[in-house]
Amino acid sequence: MSIPFFNTHIKLASDIIAANLSIIVMMIAALIFLTVAKKWKSLWMLISTTDHRKIGIFYIAFGFLFFLRAGLDAMLMRTQLAFPDFHFWVFHGEKYNQVMTTHGTLMIFFVAMPFLIGLMNIAVPLQIGTRDMAFPFFNSLSMWLFVIGGVLINMSFVLGGAPSAGWTSYVPLAVDKDIAGNGTAFYAMGLQVSGIGTIMTAINFIVTILKNRAPGMGFMKIPLFTWSALITSTLILLAFPALSAALIILIFDNQFGTQAYDGGNGSPVLWQHLFWAFGHPEVYIVILPAFGIFSEVIATFSSKRIFGYSSMVLSMLVIGFLSFMVWIHHMFTVGLGPLANVVFGITSMLIAVPTGIKIFNWLFTLRGGSIRFSTAMLFSLAFIPSFVIGGVTGVMQAVVPADYQYHDSYFVVAHLHYVMIAGTIFGAFSGFYYWWPKMFGYILDEKIGKWQAWTFIIGFHVTFFPMHISGLKGMPRRTFTYLPEDGLFELNFISTMGAYLMGISVLLFAWNLFFSYRKKEKSGVADPWNGRTLEWAVSSPSSHMRWPRAPLIRDLEAFWHEKERGDGTLIPSTKEESQIFVEKPTILPVLLGGGFFTLSFGLIFEVLWIAVIGAVGILLLMGWRSISFERNIKLYTSKQLENAIRKEEG
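Residues numbered from 1 in each chain as written. Predicted model: local features only at pLDDT ≥ 70, side-chain atom pairs only at ≥ 80, totals over all residues. Heavy atoms only, no water.

In the annotation of an unreviewed UniProt entry, the chain is listed under the name Cytochrome c oxidase subunit 1 and assigned to Fictibacillus marinisediminis. Listed in UniProt under the heading Subcellular location (unreviewed entry), the comment for the chain reads: "Cell membrane". Regarding the chain, the relevant UniProt record gives this comment under Catalytic activity (unreviewed entry): "4 Fe(II)-[cytochrome c] + O2 + 8 H(+)(in) = 4 Fe(III)-[cytochrome c] + 2 H2O + 4 H(+)(out)". (UniProt positions renumbered as here; feature names shortened; annotations may be inferred.)

Novice: Please clarify how the overall build of the chain should be interpreted in this entry.
Specialist: Counting secondary structure elements, the chain contains 21 helices and four strands. In terms of overall dimensions, the chain has a C-alpha envelope of 70 × 60 × 50 Å along the principal axes. Long-range contacts, defined as pairs at least 24 residues apart, comprise 82% of the intrachain contacts of the chain with a sequence gap of at least 6. When the accessible area of the chain is evaluated, it comes to approximately 26200 Å², of which 70% is carbon and sulfur surface. (Helix = DSSP H or I, 4+ residues; strand = E, 2+ residues; numbered from the N terminus. Contact = heavy atoms within 4.5 Å. Areas by Shrake-Rupley, 256 points an atom, 1.4 Å probe, with all protein chains shown as cover.)

Novice: Where do I start with a nonpolar patch on the surface in this structure?
Specialist: On the surface, I17, L21, I24, I28, I32 and V36 cluster together to form a nonpolar patch covering roughly 570 Å² of accessible area. Structurally, the position occupied by I28 is in helix α1 (residues 14–36). On the basis of relative accessibility, which here comes to 45%, the residue I28 falls in the partly exposed class. (Patch = residues over 30% accessible without salt bridge, like charges linked within 9 Å, V, L, I, M, F, W, Y side chains within 5 Å. Salt bridge = Lys/Arg side-chain N within 4 Å of Asp/Glu carboxyl O. Buried < 20%, exposed > 50% of the residue type's maximum accessible area, 1.4 Å probe, protein only.)

Novice: Looking at this structure, I do not really get the nonpolar core. What am I missing?
Specialist: Nonpolar side chains tend to gather and get buried jointly when the protein is soluble and globular. W362, F426 and F432 are the most contacted members of the largest nonpolar core, which totals 188 residues. Here this core takes 20 residues from helix α4 (residues 94–127), the largest share from any one element. For W362, the contacting residues outside a window of four places in its chain are F291, F294, S295, I298, I306, M312, F383 and I384. Grouped together as the second largest cluster of nonpolar side chains are seven residues, I580, Y636, L641 and I645 included. (Core = buried A, V, L, I, M, F, W, Y, C linked by side-chain atoms within 4.5 Å.)

Novice: Mind showing me how you'd approach the packing of helix α7 (residues 183–211) against helix α19 (residues 588–604) here?
Specialist: When two helices pack together, their arrangement is given by the angle between the helix axes and the distance between those axes. Closest axis-to-axis distance for the α7/α19 pair is 10 Å, and the angle between their directions is 155°. The pairing of α7 with α19 is recorded here as roughly antiparallel in orientation. Seen from above, α7 lies across α19 with right-handed handedness. On α19, the residues that touch A185, F186, M189, V193 and I196 of α7 are F596, S600, L603 and I604. Here the contact of α7 with α19 is built from residues that sort into eight nonpolar, one polar and no charged. (Axes fitted to C-alpha atoms, helices over the stretch in contact; angles between N-to-C directions. Parallel < 35°, antiparallel > 145°, perpendicular 65-115°, else oblique. Left-handed = near helix turned anticlockwise from the far one by under 90°. Nonpolar A, V, L, I, M, F, W, Y, C, P; charged D, E, K, R; others polar.)

Novice: Explain the environment of F275 here, please?
Specialist: Following the sequence through the fold, F275 ends up in helix α9 (residues 268–302). Under the relative-accessibility criterion, F275 is labelled buried at 0%. Here the alpha-carbon distance between F275 and G160, two residues 115 residues apart in the chain, equals 26 Å.

Novice: Got a minute to help me understand the pairing of strand β1 (residues 2–5) in this structure?
Specialist: Remark: a regular strand shows side chains that alternate across the two faces of the sheet. As defined by bridge partners, β1 adjoins strand β2 (residues 8–11) across four bridges and the pair is classed as antiparallel. Its bridge partner being in β2, I3 is matched across the sheet by I10. Counted along the chain from β1 to the antiparallel partner β2, the turn is two residues long, and its residue F6 has a positive phi close to 50°. (Pairing = 2+ DSSP bridges.)

Novice: How should α7 be read in this particular structure?
Specialist: What sets the pattern is the α-helix's 3.6 residues per turn: residues three or four places apart point alike. Between the first and last C-alpha of α7 there are 42 Å, a value that for 29 residues agrees with the 42 Å anticipated at 1.5 Å per step. Taken across its 29 residues, α7 has 24 buried, putting it largely inside the fold. (Expected span 1.5 Å × (residues − 1).)

Novice: I keep staring at the layout of surface pockets and nothing clicks. Help me out?
Specialist: Rolled over the atoms, a probe as big as a water molecule pinpoints where empty space is left. Its boundaries defined by the atoms lining it, the second largest pocket holds a volume of some 1000 Å³. Lining the second largest pocket are 43 residues, and of these H280, H329, H330, Q397 and H415 lie nearest its centre. Counting only elements with at least two residues in the lining of the second largest pocket, the list comes to α9, α12 (352–366), α13 (375–398) and α15 (410–440). When residues in the lining of the second largest pocket are grouped by element, the largest group, nine residues, is from α13. (1 Å grid on protein atoms, 1.4 Å probe; cavity = no way out; pocket = protein on both sides within 12 Å on 5 of 7 lines; lining within 4 Å. Points joined across faces, edges and corners; volume = space filled by probe spheres on them.)

Novice: Would you mind showing me how to read empty space enclosed by the protein here?
Specialist: Counted under the stated rule, the structure contains four cavities of 30 Å³ or more. Its boundaries defined by the atoms lining it, the largest cavity holds a volume of some 130 Å³. Taken together, P223, L224, S295, E296, A299, T300, I306, Y309, R532, T533, L556 and E557 form the lining of the largest cavity. Considered class by class, the residues forming the lining of the largest cavity number six nonpolar, three polar and three charged. There is about 90 Å³ of room inside the second largest cavity. As for the second largest cavity, its lining consists of Y59, F109, M113, P114, I117, S142, F146, S194, G197, T198, T201 and F240. Of all the elements in the fold, those that place two or more residues in the lining of the second largest cavity are α4, α5 (136–155) and α7.

Novice: Would you mind going over unusual backbone geometry with me for this structure?
Specialist: Residues other than glycine predominantly adopt negative phi, and peptide bonds predominantly adopt the trans conformation. Here the residue pair V171 and P172 is connected by a cis peptide bond, since its omega of 5° sits within 30 degrees of zero. The topology assignment puts P172 in the loop between α5 and α6 (177–180). S540 connects to P541 through a cis peptide bond whose omega is -5°. Positive phi outside glycine occurs at D408, with the angle close to 60°. Its location among the elements puts D408 in the loop between α14 (400–406) and α15. Look at D408 and you get partly exposed, because its relative accessible area is 40%.

Novice: Just checking my understanding: could you explain the packing of helix α3 (residues 52–81) against helix α17 (residues 489–519) for this structure?
Specialist: The contact between α3 and α17 brings their axes to 9 Å, and the two run at 155°. As judged from the angle between their axes, α3 and α17 are roughly antiparallel. The two elements α3 and α17 meet at a crossing, and its hand is left-handed. Between α3 and α17, the residues in contact are F64, F67, L68, M75, R78, T79 and L81 and N492, S495, T496, A499, Y500, V506 and F509, respectively.

Shown next, in the form of structure tokens:
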């Protein structure tokens, strides 16, 4: 059975019906909760906020929702692969391709990125001693564009078919309408809209870090997490335009019949060049902030200054530079010739050098330290050997003749997950436990946290290590089944068991959120870990309007320096500021997000009048923002801000 919907038909298969019922039940439950608990006003205040801390929480909250969806997809895939020649429910064939594509796309663009950008939003302004981001309105708009992009990708499953060409959306598969349907259009518009928001975020962080640092904070006194945010933002600014260009061409090929990626008049290899020119820097866009988190956590819980601060900064700069010099290593088998393969093989190996320096610096920070094994520290320590395995298998693939054997096998799947999960999800969990007091004013339960950490770490290795072997035995990636005589059953079954253990770990994290919220341990939450950087000098949760007078920075670890040499109080600047800029809450970013959603919806389903309404709405709202800008800001003097902070904190 199917029902017509604009230019397509929605097939009411059992999985679609189940998904629709789940969505309806969740929406009804949310409406009942908001009404019974009288939270509508609170919701309005939240969605109209321009406070960097609350926006960071929004990023993480939506990222976690998408994490659950992507995790469910992973469970379905692993269940399908648990037994040879298995046909689980409807998740084989084309449906498996859709689930696999959605899982990869969500995890890369809508889980790893919002987790880390969310933590950057929460910690970076605090670490550099500023009151908010340089452009609070843009910050809110960026977040809502990310949400709209994620909603578009998720909607595709219940509105006529999800994308099915893999998270890399390789052409010509992605421009074949018989295969792709509207799925590729959902993919292109979802990534395009969220990508606009991500570029705006990058500009915002670069300006904030370069222009709004506290007095005395020179470049070599910037905390490593903030350094990682600055380099990451620069990579975003340079890499995302390549993806945007690739997606625009893809949209034109699919919606307007141009043939830029066509094998006849155009070139499918063009997509690969554009995608990987973005794609490999993207790996470091999501990993460098995690490197920053590990640096902060390892130094704090080793009770030592980070070893080799200058070399850590230089290593991140070199990694960022080299990340643009390695994209061809994803295309060794395309046939670009021996010179291109050799050059990019060497640059791919070179990137291991600065990464190795960072690994040794973390180990030397641990050496001789007074180590506390908190949950945040467990995730950071587990990252080191896990990421080294991912790095070594990466160097193995940089050897061109060997890569011809590994290419498109499960060995690559194992390598990808050892790099991405160890490098980003471990980092995100570590950051959540570390900065949770700054977000909400209470600490996550450590006992449940350690259970969650161990089940996740063990489940991770049980899931992905066997994939190295199944890849070497010839199992191709992106396959939904295998035969009993292939000899792959035991390895796949073990991987599936590991995936279930990771699923249990995520449930434990959800339980920890609920348990800790009910318990709300609030004693000593301003500086619960004996922190070293500036964010631990302010209240928890951090006030929106902090520091009536900016703090004077006298050391790399500014707060630790004052604790060691003084009474733990930061010295405020004597400069009287007469115009402290504060952006008022506004609903305009949400409305602009709605305009982008309407425009995307019209383009995806090829309904011109809907697209025009969306485009006109966006232009009108931008015009309104231009003429009403001054009404939405409030100016304080230092004295007025001091009084406002006292009032807010009671």
